[in-house]
Amino acid sequence: MTDRLDQTLTDAAAQAQRVADTVHVDALLTRIEAGGSRSPRWVPALAATTVVALVVGGAVVRGQRPLPPTIDGGVLDPAATATPDPDPTPDATPGPGASCAASELGLRVEEQDLPDAVAALRRAIDERAAACDLAGVAALTSPDGFSYSFGDSTDVAEYWRGQDEAGEVSPLAAIRQVLATTPDLLAQPSGEPGGPSYWVWPRLFLMDPATADPAELDAAMDEVAATGLHTREQIEDMVTGAGAYLGYRLFIEVPAGTDAANWTAFIAGD
Amino acid sequence: MPTDTQPETRGRARVSDRPMPAGPVPFRDMYDANVRPVMALAVALTGDRASAEDLVQEAFTRAYRDWERVGRYDRPGAWVRRVVINLSHSRWRRLRSEARALRRLDPEVSVEMADPAPDVWAAVRRLPHRQAAAITLHYVEDLSVAQIAAVTGVAEGTTKSDLHRARTRLAEMLDQEWLS
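Residues numbered from 1 in each chain as written. Chains lettered and ligands numbered in written order. Predicted model: local features only at pLDDT ≥ 70, side-chain atom pairs only at ≥ 80, totals over all residues. Heavy atoms only, no water.

Asks: So what exactly am I meant to see when it comes to the packing of aromatic side chains here?
Replies: To describe a pair of aromatic rings, one takes the distance between the centres and the angle between the planes. This structure, assessed with the given rule, holds 12 aromatic pairs over all chains. Relative to Tyr 31 of chain B, the ring of Phe 27 of chain B has its centre 6.2 Å away and its plane inclined at 25°; by these criteria the two rings are stacked. On the criterion of helical spacing, the pair formed by Phe 27 of chain B and Tyr 31 of chain B is a turn pair, its members being 4 residues apart in helix α1 (residues 27-46). Taken as a pair, Phe 27 of chain B and Tyr 31 of chain B share a single burial class, namely buried. Judged by centre distance (5.3 Å) and plane angle (90°), the rings of Phe 27 of chain B and Trp 67 of chain B are edge-to-face. With Phe 27 of chain B in helix α1 and Trp 67 of chain B in helix α3 (residues 67-70), this pair connects stretches of sequence that are 40 residues apart. Like Phe 27 of chain B, the residue Trp 67 of chain B is buried in the burial classification. Put simply, the rings of Phe 146, Trp 160, Tyr 248, Trp 263 and Phe 266 of chain A pair up and form one aromatic cluster. (Phe/Tyr/Trp six-rings, centres within 6.5 Å; stacked < 30°, edge-to-face > 60°. Helix = DSSP H or I, 4+ residues; strand = E, 2+ residues; numbered from the N terminus. Buried < 20%, exposed > 50% of the residue type's maximum accessible area, 1.4 Å probe, protein only.)

Asks: Got a minute to help me understand empty space enclosed by the protein in this structure?
Replies: Take a probe with the size of a water molecule and roll it over the atoms, and the empty space left behind shows itself. This model, assessed by the stated rule, comprises 3 cavities of 30 Å³ or more. Empty space within the largest cavity amounts to approximately 50 Å³. Along the walls of the largest cavity sit Ile 32, Glu 33, Gly 35, Leu 186, Tyr 198 and Phe 251 of chain A together with Thr 61, Tyr 64 and Arg 65 of chain B, which together make up its complete lining. Listed by contribution, the elements that provide at least two residues to the lining of the largest cavity are α2 (25-33) of chain A together with α2 (49-65) of chain B. (1 Å grid on protein atoms, 1.4 Å probe; cavity = no way out; pocket = protein on both sides within 12 Å on 5 of 7 lines; lining within 4 Å. Points joined across faces, edges and corners; volume = space filled by probe spheres on them.)

Asks: For this particular structure, what's the right way to read the interface of chain B and chain A?
Replies: Think of interface size as the accessible area that goes away when the parts come together; that is how it is often given. With 45 residues of chain B at the interface, the matching set in chain A holds 48 residues. Counting the surface chain B buries against chain A, the share from its top three residues, Arg 36, Tyr 64 and Arg 65 of chain B, is 18%. Inspection of the chain B/chain A interface yields 2 salt bridges. Arg 28 of chain B is paired through a salt bridge with Asp 26 of chain A; the nearest N and O atoms lie 3.8 Å apart. On the surface where chain B and chain A come into contact, there are 10 residue pairs in polar contact (both at pLDDT 80 or more). Elements supplying a minimum of two residues to the side of chain B that touches chain A: α1, α2, α3, α4 (76-105), α5 (120-125), α6 (129-140) and α8 (156-179) of chain B. In terms of residue count, the dominant contributor to the side of chain B that touches chain A is α2 of chain B (14 residues). Per-class residue counts for the side of chain B that touches chain A are 26 nonpolar, 4 polar and 15 charged. (Contact = heavy atoms within 4.5 Å. Buried area = accessible area lost by both parts, 1.4 Å probe. Salt bridge = Lys/Arg side-chain N within 4 Å of Asp/Glu carboxyl O. Polar contact = N/O pair within 3.5 Å; in protein donor to acceptor, adjacent residues only side chain to side chain. Nonpolar A, V, L, I, M, F, W, Y, C, P; charged D, E, K, R; others polar.)

Asks: How do you make sense of the state of the cysteines when you look at a structure like this?
Replies: In a disulfide, the sulfur atoms of two cysteines are covalently bonded to one another. Residues and elements named next belong to chain A. Applying the stated rule across the entire model yields 1 disulfide over all chains. The disulfide partner of Cys 100 is Cys 132, and the S-S distance across this bridge is 2.2 Å. Note on the Cys 100 and Cys 132 pair: the S-S dihedral is about -95°, so by sign convention the disulfide is left-handed. Placement of Cys 100 in the loop between α4 (78-81) and α5 (116-130) and of Cys 132 in the loop between α5 and α6 (134-138) is noted, with a sequence separation of 32 residues between them. Of the two residues examined, Cys 100 and Cys 132, each falls in the buried class. (Disulfide = S-S within 2.5 Å.)

Asks: How do you make sense of the side chain of Arg 31 of chain A when you look at a structure like this?
Replies: Checked against the element boundaries, Arg 31 of chain A lands in helix α2. Side-chain polar atoms of Arg 31 of chain A contact the side chain of Gln 57 of chain B, separated by 2.8 Å.

Right, dumping it as structure tokens:
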């Protein structure tokens, strides 16, 4: 009986290994380096519609991982950085005075202690979002690779517009809400000397519930809840149920040894 | 014996008995050395490739984003395995919880849990969590008692006992299936 059990388990282990060998580990690594971008099926079911929208499906990673910076130096010229968007839809650029969920948030995105280029990019994203300028916001994404939550489109503006029109969530409002939180620096997570670092909003995403100071963790959860992005209960579900904050977060990359800033991700669900 | 960040050239990669040198190592090296065996572990623990891929992605993502700290551990690969084991356990508890919730909403509905496939791993997943982890690490990754203890953070004597109990219980469960 023991021999038979041993043989059965050994055969089953070999079968599990064969299944594992069919996984494309390079593609998996790309998603990992993007901060995780495909929504796992084990993410707890969350009640609110907006959050359900976050956790279904996978993400699209457009282009390659970081190449030359899109923004150099300490001062951002939004007009100059708008070039990656080849054909902004005219009616998607309402401009000042326009009204949308993002403009009606009643949210003030305060200045934060950030490197100049990062601060300028953050400010530009927020200003365009507040002006309901969806194409303008999309134009600020890094042309060298940008991760965004699930969808089958390769055009982030089109994808966000679809989300907005479907009433699932207002991406521009969510972007502003995320940017209103406190960020934290993820320093060279690749462990390689020339690897990029990332400013990540909210800082809650980088906190490990198992090791974080409970008061700080609590404050970080409160901060996200205060933006209205998710309820406190939803956030706690993510942090305690899945072991990490899995809601919307935004990444701005700083290539090593530069003063540049690239907006590389606005993702949720993993 | 390969280190935790050096892929084994013959057969499957293993968790090393030998501590890593102090200081962070490249994440990519650790990933390359561990992703295949960790994926096999996750396949056994979850019962399907898609769920396994999600768990492995999540575990390595956590290691990646906290690499400054995790990369300094003696065995970062063991840390990743522990995350996968814990996530698989959480996932299984959640599936059971969701099934119960659905039954409460509609007692008439028949809820099929996604997991129990008719195979030996389905039987393993019905074992107590720690026993399931021990037996899976032993057979899928060919780990010794000491190595399993290093991954799970459980004493070697307890691990030995877990393995023994797991085998005994599995033999009983499978014996019934084989006889039926």
